[in-house]
Structure formats: structure tokens, C-alpha cells
Amino acid sequence: MASLLQLVNIDRRYLDSDKPLVILDKANFSLEQGQTVALVAPSGAGKSTLLHIAGLLERPNGGDVVLRGHSCSNLSDNDRTAIRRNDIGFVYQFHHLLPEFTALENVMIPQMIAGLKRSEAADRGLKLLTYLRVGHRAKHRPSELSGGEQQRVAIARAVANAPSILLADEPTGNLDPVTSAYVFQALAALVRQSGLSALIATHNLSLAKQMDRRITLKSGKIIELP
Ligand code: ADP
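Since the structure is predicted, the reported quantities are computational estimates derived from the model, not experimental observations.

**Observations regarding the UniProt feature "domain: ABC transporter" (unreviewed entry) in the protein**
Here is step 1 of the chain: Under the UniProt annotation, "domain: ABC transporter" (unreviewed entry) lies at residues 5–225.
Here is step 2 of the chain: Measuring from the first to the last C-alpha atom of residues 5–225 gives 19 Å, for a span that is 35% helix and 28% strand.

Here it is in C-alpha cells:
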């Protein structure tokens, strides 16, 4: 059976002044259904670049992103957006919640864009927020929430449309160690309970050890860590 997500010979380079800065150099990676993988690498190594390419937010200079055996390279931007909306959830280091909406509305909006009725979106949104232990803050706006609460709402939003893949870019990087551990546990529990596959960039080795696999980036290659 094909892997859920494959990165095949991915090249990514930027122009730095006039010389190319090679970030990914024929990098290869497979994510299996239900698997959790930590991406551990120093700042500037290319973690965000890798996640953006895997999440179809950015196109590589070469190579292919293959989802369930289907190549995504030659798809139109509209098709890539549709896949992203239905199949891929993204969590960033900073929550990026919409400030003028409540926590619950932030989780409802992607579901309503995907065609759910308001009441259905509200039901599922509240269930997710409750699961992440932030249900009691559903009617509050992001500015009224703590950093840990904001990230839990952002996680609920990322999985609101039941994606198959969760990509997270240092989702607890802005939080103090205790809150970070708490939010990470909540994220890991949700991922396992819903059978999601996840690729999570983190600096925190003890959090990374809780994942099924660990990978890093070295000289543009993706390397498996013990
Ligand atoms: P990380 O997430 O591991 O900190 P990034 O993927 O953000 O790393 O960046 C990898 C490298 O690519 C960094 O040196 C960064 O400065 C460079 N970079 C990222 N985006 C661009 C861009 N749009 N143009 C030029 N260089 C970039």
C-alpha cells in the first residue's frame, strides 16, 4: 500500500544575494497512516520550508510530493488548495487565530467553508475544544486567552475538518516549559485518538521522544534519528 505522504527527491533553494542557498537537496521522506514523526533540527535548517512543501503551501524547485500515491506536482493551485483544506491541518508557532472571532467561531469557520451547517460546525467545534480542555473558553476572543489556550484552540481549528495529516511548526515554541508539555500532551493524545498522521517540528527532544519516529535535516537531506 502507498504511504500516506511521500516527499520524493525534493530540491529547494533560495537565492541569497546572488548565490543559491540550498535548503533541501534530493530529500526523501515517507509518512505512514497513523504515524507520528518529530522533525528536530536547529533554527534555519529548513524545518518550516519542509513543512510548507509537505503541506502544499509552497512548491519545491524539484521533486514531487505524493499524497496517497497521487503526485501533487502538476496540480493547479486550486486543486492544491482543495487538498489542503480537506486533508491537511496546520499548526504554527504563533496561533494565527482571527482576533475578531471567538475561540469557537475560529474552529467553526473552516468547517463552514467546507460546507457544514452552522449548528454542526458549532457542535463539532465545542467537542474539540472540550477534548482539548478549553471548552469553557469557547466564547472568548483570542486576546482573552492564555498562550497555552490559544494554541489549543489553534490545534482544534487545524483538525476541525478531520484532516488525515497534521503538520505543526514548533507548535509549543512560544510557551513556557510547563505549558508547552501540557499542550504537547493534548496534541499527541488528539493525534493518537483520531488516528491522524503527524509531522511536528520541535526543538524539544523530550517531546520528540514521544513520537513514533524522529527525523532531522542535514546538508539538505532528511535523516532518520534513533
Ligand atoms: P527553520 O524553520 O528550520 O528555522 P526555514 O525553513 O525557515 O528554517 O529556513 C531555512 C533557511 O532558508 C534559512 O536560512 C532562511 O533564512 C532561508 N529562507 C527561508 N525562506 C526564504 C526565502 N523566502 N528567501 C530566501 N531565503 C529563505
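**Some words on the sheet that holds strand β4 (residues 62–67)**
Here is step 1 of the chain: Read across the sheet, four strands follow the order β2-β1-β4-β5 without closing on themselves; strand pairing throughout is antiparallel. Taken across any chain shown, the strands that pair with only one partner, and hence form the sheet edges, are β2 (19–31) and β5 (70–71).
Here is step 2 of the chain: Contacts from helix α1 (residues 47–54) reach β1 (5–16), β2 and β4 within the one sheet, and its direction differs from that of β1 by about 130°.

**Quick look at the nonpolar core**
Here is a general trend for soluble globular proteins: nonpolar side chains tend to be buried in one another's company.
Here is step 1 of the chain: One finds Leu-129, Val-153 and Leu-166 to be the most contacted residues of the largest nonpolar core, which totals 38 residues.
Here is step 2 of the chain: Elements that contribute at least two residues to this core include exactly α3 (103–113), α4 (118–131), α5 (147–159), β7 (165–169), α6 (177–193), β8 (197–201) and α7 (205–208).
Here is step 3 of the chain: Sort the elements by how many residues they give to this core and α6 lands first, with seven residues.
Here is step 4 of the chain: Residues within four places of Leu-166 in sequence aside, it is in contact with Gly-89, Phe-90, Val-91, Ala-158, Val-159, Leu-187, Val-191, Leu-196, Ser-197, Ala-198 and Leu-199.
Here is step 5 of the chain: Listed in part, the 29 residues of the second largest apolar core include Ile-88, Phe-90, Ile-215 and Leu-217.

**Description of the site of the ligand**
Here is step 1 of the chain: Near the ligand the following residues occur: Tyr-14, Leu-21, Ile-23, Pro-42, Ser-43, Gly-44, Ala-45, Gly-46, Lys-47, Ser-48 and Thr-49.
Here is step 2 of the chain: Between an oxygen atom of the ligand and a main-chain N or O atom of Lys-47, the distance comes to 2.8 Å.
Here is step 3 of the chain: Residue Ser-48 places a side-chain N or O atom 2.8 Å away from an oxygen atom belonging to the ligand.
Here is step 4 of the chain: Considering the ligand on its own, with 560 Å² of exposed area, one finds that the protein chains cover 58% of that surface.
Here is step 5 of the chain: At the level of secondary structure, the elements contributing two or more residues to the shell around the ligand comprise β2 and α1.
Here is step 6 of the chain: It is α1 that provides the largest number of residues to the shell around the ligand, a total of three residues.
Here is step 7 of the chain: Class assignment of the residues belonging to the shell around the ligand gives a composition of five nonpolar, five polar and one charged.

**What to know about the sheet that holds β8**
Here is step 1 of the chain: Ordered in space as β6-β7-β8-β3-β9-β10, the six strands form an open sheet in which the pairing is mixed. Because the sheet does not close on itself, it has two edges, and the strands there are β6 (88–91) and β10 (221–225). Here the average twist between neighbouring strands, direction ignored, is 20°.
Here is step 2 of the chain: Of the strand pairs in this sheet, strand β3 (residues 36–39) and strand β9 (residues 213–218) are connected by three bridges, and their pairing is parallel.

**A closer look at the pattern of salt bridges**
Here is step 1 of the chain: Under the definition given, this model contains eight salt bridges.
Here is step 2 of the chain: The salt bridge involving Arg-12 is made with Glu-58; its shortest N-O contact spans 2.8 Å. Residue Arg-12 is located in strand β1, and its partner Glu-58 is located in the loop between α1 and β4; the two are separated by 46 residues in the primary sequence. Of the two residues, Arg-12 and Glu-58, both sit in the buried class.

**With respect to unusual backbone geometry**
Here is step 1 of the chain: With a phi close to 55°, His-96 is a non-glycine residue in the positive phi region.
Here is step 2 of the chain: In this fold, His-96 is placed in the loop between β6 and α3.
Here is step 3 of the chain: Note on His-96: relative accessible area 45%, which makes it partly exposed.
Here is step 4 of the chain: Not every positive phi belongs to a glycine, and Glu-170 is a case in point at roughly 45°.
Here is step 5 of the chain: By secondary structure assignment, the location of Glu-170 is in the loop between β7 and α6.
Here is step 6 of the chain: A relative accessible area of 12% places Glu-170 in the buried class.

Conventions we followed
Residues numbered from 1 in each chain as written. Predicted model: local features only at pLDDT ≥ 70, side-chain atom pairs only at ≥ 80, totals over all residues. Heavy atoms only, no water. UniProt positions renumbered as here; feature names shortened; annotations may be inferred. Helix = DSSP H or I, 4+ residues; strand = E, 2+ residues; numbered from the N terminus. Pairing = 2+ DSSP bridges. Contact = heavy atoms within 4.5 Å. Axes fitted to C-alpha atoms, helices over the stretch in contact; angles between N-to-C directions. Core = buried A, V, L, I, M, F, W, Y, C linked by side-chain atoms within 4.5 Å. Buried < 20%, exposed > 50% of the residue type's maximum accessible area, 1.4 Å probe, protein only. Near = heavy atom within 4 Å. Polar contact = N/O pair within 3.5 Å; in protein donor to acceptor, adjacent residues only side chain to side chain. Areas by Shrake-Rupley, 256 points an atom, 1.4 Å probe, with all protein chains shown as cover. Nonpolar A, V, L, I, M, F, W, Y, C, P; charged D, E, K, R; others polar. Salt bridge = Lys/Arg side-chain N within 4 Å of Asp/Glu carboxyl O.

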